[in-house]
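# Survey of secondary and tertiary structure
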Amino acid sequence: MSLLDDVKYLLSEAQENIEKAASLDVLNELQIKYLGRKGSLTAILKKLKDLPVEERKQTGAFANQSRKQLEEFFKTAKEKYSTKREKTFFDPTLPGTNPRVGVVHIINQVIGDICQIFYGMGFEIAEGPNVETDYYNFEALNFPPDHPARDMQDTIFVEGGRLLRTHTTPVQARVLEKQKPPIKIITPGLCFRNEAISTRSHVAFYQVDGFLVDEGVTMADLKGALVAFCKAFFGEDLKLKFRPSFFPFTEPSAEVDISCFLCKGKGCQVCKYSGWLEILGCGMIDPNVLENVGIDSEKYTGYAFGMGVERPAMLKYKINDIRLFFNNDLRFLKQFE
Ligand SMILES: [Zn+2]
């Protein structure tokens, strides 16, 4: 094979590769490979001097022609990329792309809504530790030593005799200890109970407790506050039912049901065809609790109430599994933007 054949072969190979090249980088690499100082064509040209005069002239002329041709090919191929760039221009009148912004977790939104309503009634927000002592979680709240809630099944104990609070009511004892009546406090927070995780219960859950201590506070005040809250949170057209109940820290105690706002009291799957939904627990603060924290129970009376956050949130937003609140699945969370 003559040197002329080598040049011809190189030319057709290079042409083919230029056509196939898919990017400017590839074209630049090819250009160096064929036309660079150490490139294939240069290597062929170096061998020209060994050829007989006539053949040298002919091959040399063809090689130079091929070089020019290849340079032209590269120029044309590269233009495809440079013209593309010129055509993309910035249009300042187009609407921009919104950056992805996170949302407040639905539970925090609901806590915010609940607190906002009570804030409007003059309540202040107080918080306490998640890891509590037996005293604040039970003893100060009038739990007798043999109360079933102290059982290992319900309470998660941690090192040093402490426990994860089973309700936010301990904050009540902590605040009453430090402040003098009149006191109006709402206490949102995380609570823990040693329960099996299912669609309806979880080891961790949120609660909002509230209490008011002042002179002459009666059950009528409690009822007024809760009716106002339920109507503001669930809707104006609902009824409330106070059922006698028992809590160690209130006497008398009641559980509050609201008429099912999904079926308007007619009965549906959610309210188990009763027309009523259990929403919260409440009562008049037991005089023992007031005395435990050094408040004169002859002079002062108070009411307290407490509610879960997940259940009202599930009812209001038609969520059927409590675990969704803790899974951090973006598909779920994004729905509450
Ligand atoms: Zn119903």
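### A closer look at the pairing of strand 7 (residues 250-259)
The pairing of strand 6 (residues 240-247) with strand 7 spans seven bridges and is classified as antiparallel. From the neighbouring strand, Leu240 faces strand 7, where its bridge partner is Ile258. Between the end of strand 6 and the start of strand 7, which pair antiparallel, lie two residues. One ladder, built from eight bridges, connects strand 7 with strand 8 (residues 276-285); its direction is antiparallel. Considered in strand 8, the bridge of Ser259 is made with Trp276.

### Brief notes about the environment of Leu238
Here Leu238 lies in the loop between helix 8 (219-234) and strand 6. As for Leu238 and Lys264, which are separated by 26 residues in sequence, their C-alpha atoms are 7.8 Å apart. When near neighbours in sequence (up to four residues on either side) are disregarded, Leu238 contacts Cys230, Lys231, Ile258, Ser259 and Phe261.

### A short note on the environment of Lys318
Relative to the helices and strands, Lys318 is located in the loop between helix 10 (310-317) and helix 11 (324-327). The class for Lys318 is exposed, based on 8 C-beta atoms found within 10 Å. Distance from Lys318 to Val270, taken between C-alpha atoms, is 9.3 Å for residues 48 residues apart in sequence.

### Focus: the packing of helix 5 (residues 106-120) against helix 10
The geometry of a pair of packed helices is captured by two quantities: the angle between their axes and the separation between those axes. Direction vectors running N to C along helix 5 and helix 10 enclose 100°, while the axes themselves pass 10 Å from each other. By the angle between their axes, helix 5 is roughly perpendicular relative to helix 10. Packed against helix 5, whose contacting residues are Ile106, Ile107 and Val110, the element helix 10 presents Glu310, Pro312, Ala313 and Tyr317 at the interface. Of the residues contributing to the contact of helix 5 with helix 10, the split by class is six nonpolar, no polar and one charged.

The rules behind the values
- Residues numbered from 1 in each chain as written.
- Predicted model: local features only at pLDDT ≥ 70, side-chain atom pairs only at ≥ 80, totals over all residues.
- Pairing = 2+ DSSP bridges.
- Helix = DSSP H or I, 4+ residues; strand = E, 2+ residues; numbered from the N terminus.
- Contact = placed C-beta atoms within 7 Å.
- Buried ≥ 20, exposed ≤ 12 C-beta atoms within 10 Å, placed from the backbone.
- Axes fitted to C-alpha atoms, helices over the stretch in contact; angles between N-to-C directions.
- Parallel < 35°, antiparallel > 145°, perpendicular 65-115°, else oblique.
- Nonpolar A, V, L, I, M, F, W, Y, C, P; charged D, E, K, R; others polar.

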